[in-house]
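Observations on chain architecture
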Amino acid sequence: MMQLPAIDYAVLAPLIILVATGLLVLLVDLVSRQAARNVLYGLGVAGCAASFAASLPLSGRTVTTLSGAFAADRFSWGFDALLLLTLAVTFLLSSLKRAEDGGSPGSYAALLIFCTVGGMIMAGAANLIGIFLGVELLSLALYILAGTGYPRQASQEAALKYVLLGSLASGFLIFGSALLYGAAGSIALADLATAAASGAPLFVAGFGLWLVGIAFKLALSPFHTWTPDVYEGSPLAVTAFMAVAVKAATFSVLARFIYTVFQHDSAALIPVWALAILSMLVGNFGAVRQGNLKRLLAFSSIAQAGYIVLALSGVGSKGLSTMLFYLIAYGFMNLGAFATISLLGDGGEEYVDIEGYRGLFFRRPWVATWMTIFFASLAGIPATAGFIGKLLLLEQALGGGPWGIAMAATLILGTLVSFYVYFKVIYQMFLPAQGQAPQFAGNAAASWVAIAVGATGVMLLGIVPQAFYLAQPYLAAASR
Amino acid sequence: MPHIPLENYLTLSAALFAIGIVGFLVRRNPITMLMAIELMWNAGNLAFAAFARNFIDMSGQIFIFIIITVAAAEAAIALAIVVMVFRRRADVDVDDISILRG
């Protein structure tokens, strides 16, 4: 007699609602040939809200379903909320029509939605198949999204680079998963813990290869080389989504894996710490010589990924709260920064040359003010979200032994370098203006809403951080 | 039928994986690079099959079906992107696709 897995539909409801929204968007696009893009994006935002509402009853629960393959706990709930917020803001940013954007808004919206579904699967995945499926759903949709600005050659190039290097990374992920399965005899993360404790060579090799795949997706140095090119070539809204959603979802996978499988002082984790240190250095020093804002933010995201790894280094489950807090802060400040960039643009061109921001404060004072706030938060100025986030990370790392202290020192060094990077941009905006004032790109109302969301988040997280600090985001079946 | 030990399957799959990586690194045509990637994915499949047989466990085999399905979707998307780039230029060589750098 075959045993059928028990499926708890209440746990899967947020995912099901989001998938249904994606299909609905496609259907509406098909039926009413000329549906306005704002109608489709509005449907997408409504889907986010409905999915979030369905996830609210789950916020206090710690359950698994599908025979333990999918977990719904406080941790995955936090990531779901962050991913849905990112999706909604991305729709706002996408509503600015740019001359170079090709393609159909219907499939664009549906791909963004399916991408987010992939991210939510990753946040709850409790076995290797779930992780692989989530990563691939997220990545496959993003390969196409990177190319949606295809009338521009740069966007085509970004899509090609992303699909080639992303699939290579997936190859590492698959082979690593196979070796992990061979070492443990099971694909459930909880069962991998026994193999990890024994330190079998097969397990170590499997974890190494699996980590290479994950580090590619996270853009941890030295696997970051695709990041600046893909960020620069993709349409601005897709870049914003990529920077926040992909990083958040992949970090949820790494955190769940490490917390379920390893003890906090396991020697197998040393490569993770080394990747973090290298990323902080490469990201911050690489950003120094960038003249393109999207590339600068790409290097910034490499450095930030390094910072976030610190949350995993300490003892106890506080690291998970810290990671979630920093990712929420990172989400608000990046979405806000991309939203301010999206406001400006002459003739549909993206306004990404840092030189062009010279004297912006005297031309467009509000844009410059908001941008200053987001960049100050990225640098980590007190009273912003970035500052509190970095303090929490430092506290976590200092409890993490010699490697934790080394990472904390690198974080401080990296932050000093990043002051130069971010203040270079801010400084430009306050120089005396020359030449033509930059024009607003079309109807910018949606971008102003996105800026308001980002700015409110950055300030609230900086001033009343405890309201956003999810104490004890429990993991279902964690070993520590 | 003679019994083939697990080690032989693993050696073969590791060799396939290595050939895939080398192929990806030395070839400059995106289609050939995709074939190299496909080889790496299938090296993983072979390892999964060998382990699943060894443990008499179905989850490894299910993983293979999922990988094969995803590989089909991935190939469709990757080839579509290559065609999109190919329409712009007659030859496709990744070294020539380099407006984005820095």
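Figured I'd write up the structure that's included with this text. (Residues numbered from 1 in each chain as written. Chains lettered and ligands numbered in written order. Predicted model: local features only at pLDDT ≥ 70, side-chain atom pairs only at ≥ 80, totals over all residues. Heavy atoms only, no water.)

Moving on, we get to the overall build of chain B. Helix and strand counts for chain B stand at three helices and zero strands. Expected size for 102 residues packed as a compact globule is a radius of gyration near 13 Å; at 17 Å, chain B overshoots this value by more than 25%. Each of the three principal axes of chain B carries a C-alpha extent, and together these read 55 × 30 × 25 Å. Across the 102 residues of chain B, 39% fall into the buried class. When contacts within chain B are restricted to residue pairs at least 6 apart in sequence, long-range pairs at least 24 apart make up 57% of them. In the structure as shown, chain B presents an accessible area of about 5700 Å², 67% of it carried by carbon and sulfur atoms. Separation between the mean location of the 7 positive side-chain charges and that of the 8 negative ones in chain B comes to 8 Å. (Helix = DSSP H or I, 4+ residues; strand = E, 2+ residues; numbered from the N terminus. Rg over C-alpha atoms; globule rule 2.2 N^0.38 Å. Buried < 20%, exposed > 50% of the residue type's maximum accessible area, 1.4 Å probe, protein only. Contact = heavy atoms within 4.5 Å. Areas by Shrake-Rupley, 256 points an atom, 1.4 Å probe, with all protein chains shown as cover. Lys, Arg positive; Asp, Glu negative; His and termini not counted. Charge placed at Lys NZ, Arg CZ, Asp CG, Glu CD.)

All right, on to the interface of chain B and chain A then. Frequently, the measure chosen for interface size is the accessible area removed from exposure when the parts meet. Contact residues are listed per partner, giving 43 residues for chain B and 43 residues for chain A. Where chain B abuts chain A, roughly 3800 Å² becomes buried across the two surfaces, and 79% of that area is made up of carbon and sulfur atoms. Of all residues in chain B, Phe63, Arg88 and Leu100 of chain B give up the largest surface area on contact with chain A, accounting jointly for 19% of the area buried on that side. For the pair chain B and chain A, the number of links is zero salt bridges. Across the chain B-chain A interface, the total number found is four residue pairs in polar contact (both at pLDDT 80 or more). Elements supplying a minimum of two residues to the side of chain B that touches chain A: α1 (6–26), α2 (30–55) and α3 (58–88) of chain B. Looking at the side of chain B that touches chain A, the element that brings in the most residues is α3 of chain B, giving 16 residues. Of the residues that constitute the side of chain B that touches chain A, the class distribution is 32 nonpolar, six polar and five charged. (Buried area = accessible area lost by both parts, 1.4 Å probe. Salt bridge = Lys/Arg side-chain N within 4 Å of Asp/Glu carboxyl O. Polar contact = N/O pair within 3.5 Å; in protein donor to acceptor, adjacent residues only side chain to side chain. Nonpolar A, V, L, I, M, F, W, Y, C, P; charged D, E, K, R; others polar.)

Moving on to helix α7 (residues 189–198) of chain A. What sets the pattern is the α-helix's 3.6 residues per turn: residues three or four places apart point alike. Along α7 of chain A, the positions that sit buried rather than exposed are Leu189, Leu192, Ala193, Ala195 and Ala196 of chain A. Considering only its buried residues, α7 of chain A is in contact with α5 (128–146), α6 (153–184), α8 (201–218) and α10 (236–261) of chain A.

Attention now goes to the packing of helix α13 (residues 318–343) of chain A against helix α16 (residues 385–398) of chain A. Residues and elements named next belong to chain A. The interhelical angle for the contact between α13 and α16, taken along N-to-C directions, is 155 degrees, at an axis separation of 9 Å. Regarding the angle of α13 to α16, the classification is roughly antiparallel. For the crossing formed where α13 meets α16, the hand is left-handed. Two secondary-structure elements touch here, α13 through Lys318, Gly319, Thr322, Phe325, Tyr326, Ala329 and Met333 and α16 through Ala385, Gly386, Ile388, Gly389, Lys390, Leu392, Leu393, Glu395 and Gln396. A class-by-class count of the residues in the contact of α13 with α16 yields eight nonpolar, five polar and three charged. (Axes fitted to C-alpha atoms, helices over the stretch in contact; angles between N-to-C directions. Parallel < 35°, antiparallel > 145°, perpendicular 65-115°, else oblique. Left-handed = near helix turned anticlockwise from the far one by under 90°.)

All names here are of chain A. Together, Ile7, Tyr9, Ile16 and Leu66 make up a nonpolar patch on the protein surface, roughly 360 Å² of accessible area in all. Take Ile16: it is sitting in helix α1 (residues 9–31). A residue is classified by how much of its surface remains accessible, and Ile16, at 42% relative accessible area, is partly exposed. (Patch = residues over 30% accessible without salt bridge, like charges linked within 9 Å, V, L, I, M, F, W, Y side chains within 5 Å.)

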